[in-house]
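Observations on the model geometry
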Amino acid sequence: MIIIMIIYAIVLYLEWHYLTRHGRKRRTFFIVLGYAAATFISFEILYYVREQWQLKDLIETVFGPIQSLLKMES
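Calculation notes
- Residues numbered from 1 in each chain as written.
- Predicted model: local features only at pLDDT ≥ 70, side-chain atom pairs only at ≥ 80, totals over all residues.
- Heavy atoms only, no water.
- Helix = DSSP H or I, 4+ residues; strand = E, 2+ residues; numbered from the N terminus.
- Buried < 20%, exposed > 50% of the residue type's maximum accessible area, 1.4 Å probe, protein only.
- Phe/Tyr/Trp six-rings, centres within 6.5 Å; stacked < 30°, edge-to-face > 60°.
- Salt bridge = Lys/Arg side-chain N within 4 Å of Asp/Glu carboxyl O.

Some remarks on the environment of leucine 55
Secondary-structure assignment places leucine 55 in helix H3 (residues 55–73). A relative accessible area of 53% places leucine 55 in the exposed class. Taking the C-alpha atoms as reference, leucine 55 lies 23 Å from alanine 36; in sequence the two are 19 residues apart.

Right under this line is the structure:
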């Protein structure tokens, strides 16, 4: 988790440096840094709940009834 935070800090530093060097608008700063913050928070949430929730559970919930119908027909 610390490595993830370090990587995001490096990316944010590079983004900030690029935006200030090229004189981007304030709106662009909010968009880029807001997107980086949202992805960081999303990644951390997924890191914490990786044991409780997995993508296979969602797939089984969606396609389980379809699979049971197909097994009944054959």
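Focus on the packing of aromatic side chains
Tallying each qualifying case throughout the model produces three aromatic pairs. Ring geometry for tryptophan 16 versus phenylalanine 29: centroids 5.0 Å apart, planes at 70 degrees, classification edge-to-face. Here tryptophan 16, found in helix H1 (residues 2–21), pairs with phenylalanine 29, found in helix H2 (residues 26–48); they are 13 residues apart in sequence, far enough to count as distant. Taking the relative accessible area as the measure of exposure, tryptophan 16 reaches 45% and is therefore partly exposed. Measuring from ring centre to ring centre gives 5.9 Å for tyrosine 47 and tyrosine 48, while their planes differ by 75 degrees; the resulting arrangement is edge-to-face. Under the relative-accessibility criterion, tyrosine 48 is labelled exposed at 52%.

With respect to the pattern of salt bridges
Here the structure, examined in full by the defined rule, presents one salt bridge. With a closest N to O distance of 3.5 Å, lysine 56 and aspartate 57 form a salt bridge. Lysine 56 sits in the partly exposed class, given a relative accessible area of 45%. Residue classification places aspartate 57 among the partly exposed residues on the basis of a relative accessible area of 28%.

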